[in-house]
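Spelled out from the first residue to the last, the chains are:
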Amino acid sequence: MIGDNLAHAAAATLERVRSEAPLVHCITNNVVPNFTANALLAAGAAPAMVDIVGESGMFAEIASALLVNLGTPTPEQRGAILEAVEGASRAGTPWVLDPVAIGALPIRTHLAQQLAKRRPTVIRGNPSELLALAGSGTGGRGVDATDSPDAAAAAVDALALRTEAVIAASGEVDLITDGTTRIRVHGGSVLLTKVTGGGCALGSIIGAFVAARGEASVLAATAAAHAFYSVAAERAASESGGPGSFSVRFLDALASVTGEDVAAAGLLSTEPASA
Amino acid sequence: MIGDNLAHAAAATLERVRSEAPLVHCITNNVVPNFTANALLAAGAAPAMVDIVGESGMFAEIASALLVNLGTPTPEQRGAILEAVEGASRAGTPWVLDPVAIGALPIRTHLAQQLAKRRPTVIRGNPSELLALAGSGTGGRGVDATDSPDAAAAAVDALALRTEAVIAASGEVDLITDGTTRIRVHGGSVLLTKVTGGGCALGSIIGAFVAARGEASVLAATAAAHAFYSVAAERAASESGGPGSFSVRFLDALASVTGEDVAAAGLLSTEPASA
Amino acid sequence: MIGDNLAHAAAATLERVRSEAPLVHCITNNVVPNFTANALLAAGAAPAMVDIVGESGMFAEIASALLVNLGTPTPEQRGAILEAVEGASRAGTPWVLDPVAIGALPIRTHLAQQLAKRRPTVIRGNPSELLALAGSGTGGRGVDATDSPDAAAAAVDALALRTEAVIAASGEVDLITDGTTRIRVHGGSVLLTKVTGGGCALGSIIGAFVAARGEASVLAATAAAHAFYSVAAERAASESGGPGSFSVRFLDALASVTGEDVAAAGLLSTEPASA
């Protein structure tokens, strides 16, 4: 699929998110649930933060998509995550894994390795986190990436083939791969790295797009979510006086960016994977 | 009491919130504590989030009001809730129950049923949640209401009589009842449904208004909180470019709306309950 | 050091925060992690919220500074705090203790007393909290201070000598002492008290400044953090229509205030301690 067709598919997926309002079940860290829920609402999806044992499994069965973010994995959340992934598997609910800050920190690293074997639909992270999951690299410094998507490209292609997941590496240019085809997403704004939860909320938006992908592939839907996010970030950055006002304008932009805007931005390009 | 008198009583209650700065003890879900605390501060009340076992009981005794919100009820919070409700009962502290997303989710549904028997002062929720508590309806889709306040009117009247609580059902027109008299609150903004925690923070504002109600009834004070909230939402919506800026302007409006503004808005009407 | 020199040292410390991007490990309450992380990012530091047992100890060893905030101390966080303080001690990581709302609440009060013996680098709080830690006073009403920094001055001087920590008492004029010398920080905005987490986020900024203090003393770096915060608050207040927009503008201002701005504001004065 050439970039232009991809862009039109992205536009269509955004419109389906708006019309279907997919219910995105989020188990996420304690820094970002508010921003994540507001991002989903702004985009037109419906958030639900259900992260306790005894409820998360059945909820993952009825949700349109599930996000598993490992940012602050308490024992209760770890139990709820395993239960939710079971539920998602039973019901065929697509799910997104965000292995926040793995590499240096042992509990989440071990959990991420386990979860990567449970057939996540998409794994997103910064290149350092993805390299840690791939078994190379040393992990970042907390949530900071110390590697670029390009440096990680071959490793994430291989990770995609091993896990059978689409892998999305965030960076100045995002790189998304299913191990066979790579899509690059240009654009965005550096201000997004100055707002906590920018990447975490993107994980939930990916969930919404994958849920509403219709006939599109998971690869294309994941790229669409990134393109939508980048267009919104550019619009917000152009109206902002700093990271505080950027964050506010970004939520406004997630609500106002249209499929047409995404298609017109032309941020997507494809190439063969290295594998 | 006719609508006009109700509006003046609402204005007076807001002024008392501002002068008395009631201390509202909140046990709430992990998505909204920040927004809830900021809403209370903006309105002129004092928030305190005390949600651990060993502290919540004694704190509920000294607080002016208690909010129990079941949005993300961890085991620790469930213990803290039971302890806090004991403390509130001992001290006569008014308390508000918000049974978020009950119906489909078993742990919170069971807990809400228990708590409804412990004489909450006010129970607030969307119609689907209140129908689930009343034993009819099937619950919403997460926090989404799938029923309207009117469809739930007779059931919430009956729930008010059974629990001896004032029941507040949020919707395009809010419906508040003590089982004998209903008050409807008009106005507000649909943007409030695009900001996570809009309803959750309202629960805390109800707590502040009930604590500062003076000679007014709990029914009138609960309606006053809704009217104040609606006036602030309308003001914020008129100045907003989307859900992000609405949320910011809404906090500004909670700080700037006066009793006179609430009285002038004339959002309140009464009618007999069905029971 | 006279006020003018202090102001220049403050400017230099801010510039070092911006160039070094110290990694601030935060264990904080569930109301403010988002605001805290965004404040650190805006100031130029790097936040990491690592608050589970099994990860917090090793992370405190690699972090540039550690913040321990007792606002909502769950059992898991209490374990993570003790582990992190051990790690900080092993590695010589500077750490800041914020004993939120101690006095009336037993679990956090006991924990704060324990922690005060573990050589925190800085202890910050409102005067009521610090008096409670000093063993005098009765604690505030939740997070509200019921005492002024001046009333607490002699007690906090003595607390500094006993704990060997720099003590920072927030108020209309902030008072910072090492038991020998006091620095007062003027300026700021009352709007900061209308935003939840204003004090909590300051604790994290102190951590960043102490980590990047270079040749400056901990006393001077702590005062520098306060001066930076006050200048940003004044700038934000001048552009705000209420607490919601103030909060947004404050994050913008934390990103835009320069060392020169801090030096020019001249908010710092020194005096001998009473001890």
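Residues numbered from 1 in each chain as written. Chains lettered and ligands numbered in written order. Predicted model: local features only at pLDDT ≥ 70, side-chain atom pairs only at ≥ 80, totals over all residues. Heavy atoms only, no water.

## Re the packing of helix H4 (residues 75-91) of chain A against helix H5 (residues 106-116) of chain A
Residues and elements named next belong to chain A. Put simply, H4 and H5 touch, their axes get as near as 12 Å, and they point 5° apart. Relative to H5, the element H4 is oriented roughly parallel. Taking contact as the criterion, the partners of Arg-78, Ile-81, Leu-82 and Val-85 in H4 are, on H5, Ile-107, Leu-111 and Leu-115. Here the residues of the contact of H4 with H5 are counted per class, giving 6 nonpolar, no polar and 1 charged. (Axes fitted to C-alpha atoms, helices over the stretch in contact; angles between N-to-C directions. Helix = DSSP H or I, 4+ residues; strand = E, 2+ residues; numbered from the N terminus. Parallel < 35°, antiparallel > 145°, perpendicular 65-115°, else oblique. Contact = heavy atoms within 4.5 Å. Nonpolar A, V, L, I, M, F, W, Y, C, P; charged D, E, K, R; others polar.)

## Notes on the relation of the copies chain A and chain C
Once turned by 120° and shifted 0.0 Å along the axis, chain A lies on chain C with an RMSD of 0.0 Å. Viewed as a symmetry operation, the transformation between the two copies matches a three-fold axis. Considering only C-alpha atoms, the residue of chain A closest to the rotation axis is Asn30(A), which sits at 4.0 Å. The share of interface residues of chain A whose copies in chain C are also at the interface is only 3%, consistent with the copies meeting through different surfaces. (Least-squares fit on C-alpha atoms with pLDDT ≥ 70 in both.)

## Describing the UniProt feature "binding site: substrate" (unreviewed entry) in chain A
In the UniProt entry, the feature "binding site: substrate" (unreviewed entry) is given for Met49(A) and Gly197(A). In this fold, Met49(A) is placed in the loop between strand E2 (46-48) and helix H3 (56-62). If sequence neighbours within four positions are ignored, Met49(A) has contacts with Cys26(A), Pro33(A), Thr36(A), Ala37(A), Val31(B), Gly71(B) and Thr72(B). On the basis of relative accessible area, Gly197(A) is assigned to the buried category, the value being 9%. Among residues more than four places away in sequence, those in contact with Gly197(A) are Val32(A), Phe35(A) and Tyr229(A). (UniProt positions renumbered as here; feature names shortened; annotations may be inferred. Buried < 20%, exposed > 50% of the residue type's maximum accessible area, 1.4 Å probe, protein only.)

## Some points on H4(A)
Residue and element names in this part refer to chain A. In this model H4 runs 25 Å from its N-terminal to its C-terminal C-alpha over 17 residues, within 8% of the 24 Å that 1.5 Å per residue would give. For H4, the complete set of buried residues consists of Gln-77, Ala-80, Ile-81, Ala-84, Val-85, Gly-87 and Ala-88. In an axial view of H4, the angular spread of the buried residues amounts to 160°, which keeps them on one side of the axis. The elements touched by buried residues of H4 are strand E1 (23-27), H3, strand E3 (65-69), strand E4 (95-98) and H5. Phi turns positive, to about 75°, at Gly-92, one or two residues after H4. (Expected span 1.5 Å × (residues − 1). Arc of directions from axis to C-beta.)

## Digging into the interface of chain B and chain A
Opposite the 29 residues of chain B that make contact, chain A presents 24 residues. Scanning the region where chain B abuts chain A turns up 1 salt bridge. Between Glu55(A) and Arg108(B) there is a salt bridge, with its nearest N and O atoms 2.6 Å apart. Put simply, the parts of the chain that give the side of chain B that touches chain A at least two residues each are helix H4 (75-91), helix H5 (106-116) and helix H10 (243-256) of chain B. Here the side of chain B that touches chain A gets 4 residues from one element, more than from any other, and that element is H10(B). Per-class residue counts for the side of chain B that touches chain A are 13 nonpolar, 11 polar and 5 charged. (Salt bridge = Lys/Arg side-chain N within 4 Å of Asp/Glu carboxyl O.)

## A closer look at the interface of chain A and chain C
On the chain C side, the residues contacting the 29 residues of chain A number 24 residues. Both sides of the chain A and chain C interface together cover about 2,000 Å² of buried area, and 62% of this is carbon and sulfur. Summed over the shared surface of chain A and chain C, the result is 1 salt bridge. Where chain A packs against chain C, one counts 7 residue pairs in polar contact (both at pLDDT 80 or more). Residue assignment for the side of chain A that touches chain C shows that the elements contributing at least two residues are H4, H5 and helix H10 (243-256) of chain A. (Buried area = accessible area lost by both parts, 1.4 Å probe. Polar contact = N/O pair within 3.5 Å; in protein donor to acceptor, adjacent residues only side chain to side chain.)

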